[in-house]
Amino acid sequence: MLKDVTLGQYFPGKSIIHRLDPRAKIIWLVGYIVALFLVKGWGGYLLMTATLVSFTAIARIGARAMLKGLKPLVFIVAFTGIINLFYGSGEPLVQFWIFTITLDGIKTAIYMVLRIMLLVCGTFLLTYTTSPLQLTDGLERLLSPLNKIKIPVHELSMMMSIALRFIPTLIEETDKIMSAQKARGAGFDTGKLTERAKALIPMLVPLFVSAFRRADELATAMECRCYQGGTGRTRMKQLHFAARDAIALLCCAIIIAAVCVLRHFGL
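Presented here is a report on the structure given in the accompanying data block. Everything numeric in this text was worked out from a predicted model, so none of it was measured. (Residues numbered from 1 in each chain as written. Predicted model: local features only at pLDDT ≥ 70, side-chain atom pairs only at ≥ 80, totals over all residues. Heavy atoms only, no water.)

1. So, the pairing of strand 1 (residues 92-96)
No. 1: Inspection of the sheet shows strand 1 paired to strand 2 (residues 99-102) by four bridges, in the antiparallel sense. By the bridge assignment for strand 2, Val94 is matched with Ile101.
No. 2: In this antiparallel pair of consecutive strands, strand 1 and strand 2, the connection spans two residues, and Trp97 shows a positive phi of 55 degrees. (Pairing = 2+ DSSP bridges. Helix = DSSP H or I, 4+ residues; strand = E, 2+ residues; numbered from the N terminus.)

2. A closer look at the environment of Phe55
No. 1: By the element assignment, Phe55 lies in helix 2 (residues 42-58).
No. 2: Owing to a relative accessible area of 18%, Phe55 belongs among the buried residues under this scheme.
No. 3: Through-space distance from the C-alpha of Phe55 to that of Gly122 is 9.4 Å; in sequence the pair is 67 residues apart.
No. 4: Beyond its immediate stretch of four places on either side in the chain, Phe55 contacts Ile17, Trp28 and Leu125. (Buried < 20%, exposed > 50% of the residue type's maximum accessible area, 1.4 Å probe, protein only. Contact = heavy atoms within 4.5 Å.)

3. Re unusual backbone geometry
No. 1: Not every positive phi belongs to a glycine, and Arg60 is a case in point at roughly 60 degrees.
No. 2: Residue classification places Arg60 among the exposed residues on the basis of a relative accessible area of 71%.
No. 3: Positive phi values are uncommon outside glycine, yet Lys150 reaches one of about 65 degrees.
No. 4: Along the chain, Lys150 turns up in the loop between helix 6 (132-143) and helix 7 (153-183).

4. What to know about the side chain of Thr174
No. 1: On the secondary structure map, Thr174 appears in helix 7.
No. 2: The class for Thr174 is buried, based on a relative accessible area of 9%.

5. Quick word on the packing of aromatic side chains
No. 1: Counted under the stated rule, the structure contains six aromatic pairs.
No. 2: Seen in terms of ring centroids, Trp28 and Tyr32 are 5.9 Å apart; in terms of plane orientation they differ by 20 degrees. Their pairing is stacked. In this pair, Trp28 and Tyr32 both sit in helix 1 (residues 22-38), four residues apart, roughly one turn of the helix. Like Trp28, the residue Tyr32 is buried in the burial classification.
No. 3: With 4.9 Å between their ring centres and 20 degrees between their planes, Tyr45 and Tyr111 make a pair best called stacked. Here Tyr45 is found in helix 2, whereas its partner Tyr111 is found in helix 5 (residues 103-129), with 66 residues between them in sequence.
No. 4: Residue classification places Tyr45 among the buried positions, given a relative accessible area of 3%.
No. 5: In this structure an aromatic cluster arises from ring pairing among Phe11, Phe124 and Tyr128. (Phe/Tyr/Trp six-rings, centres within 6.5 Å; stacked < 30°, edge-to-face > 60°.)

6. Concerning the pattern of salt bridges
No. 1: With the rule as written, the count across this model stands at three salt bridges.
No. 2: Taking the shortest distance from any N to any O, the salt bridge between Arg23 and Asp21 comes out at 3.0 Å. As far as burial versus exposure is concerned, Arg23 and Asp21 are alike and both buried.
No. 3: As a salt-bridge pair, Lys176 and Glu172 come within 3.7 Å of each other at their nearest N and O atoms. Placement of the pair is Lys176 and Glu172 together in helix 7, with a separation of four residues, close to one helical turn.
No. 4: Accessibility expressed as a relative area gives 48% for Glu172, which makes it partly exposed. (Salt bridge = Lys/Arg side-chain N within 4 Å of Asp/Glu carboxyl O.)

7. A closer look at the layout of surface pockets
No. 1: Roughly 790 Å³ of internal volume is contained in the largest pocket.
No. 2: As for the largest pocket, its lining consists of 34 residues, of which Ser131, Pro132, Leu133, Gln134 and Asp137 are closest to the centre.
No. 3: When contributions to the lining of the largest pocket are tallied by element, the ones reaching two or more residues are helix 6, helix 7, helix 9 (201-224) and helix 10 (243-264).
No. 4: Residues belonging to the lining of the largest pocket are distributed by class as follows: 13 nonpolar, 10 polar and 11 charged. (1 Å grid on protein atoms, 1.4 Å probe; cavity = no way out; pocket = protein on both sides within 12 Å on 5 of 7 lines; lining within 4 Å. Points joined across faces, edges and corners; volume = space filled by probe spheres on them. Nonpolar A, V, L, I, M, F, W, Y, C, P; charged D, E, K, R; others polar.)

Here it is, written out as structure tokens:
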């Protein structure tokens, strides 16, 4: 299960999505999320699904990679769908004890599950096609106006980038520790819930030790390279908006407008 967590991974490529300016991709993701929360009916969800599938195909990211990233979230998605199943109005289809299932509740549950899946996959598409360094530069440039009110934008962007970069590393470390503990007779999948929780302690302690050691090594490496934050910092690769970035943002605006039109007509 841990190997299925793909958030923070970057798949190098030469597609037009990979070559987009990171600022355009971040703005596009924000617009996509806004459009996703504006969707009201099946027409909007069909449009958002088609959009995500199209951009995934253009980026040459396989459907298997997307579905693999969703596997760790199956329980959360299923639980959310089940909860929303009982929050509908109208004529009851099924009724037992204090629970009532209606046609509106079924539609709400399906739409909520679709929204979560599309939201997560859209975020995956950003991290799959943008390197951590590009993400850092893009976030810093977008948030640079906040420097005028003394907010450390560069440091915040760097922390977010490092956090994303270390997700796959810590997952791999966790998998190694679990394999070593299982070889010593530890059981993580058997017993009661309290027993499983206690079994995690021998895994969490070395994981925290390893995480702090890696953080200390990273801090030492940054100090050795005279890292002092964003003041006076230069970049080897400068960010430049191109025609393809303007076209991508125009497509985002068209999609948001189309969603608003579909919402107006109840679709």
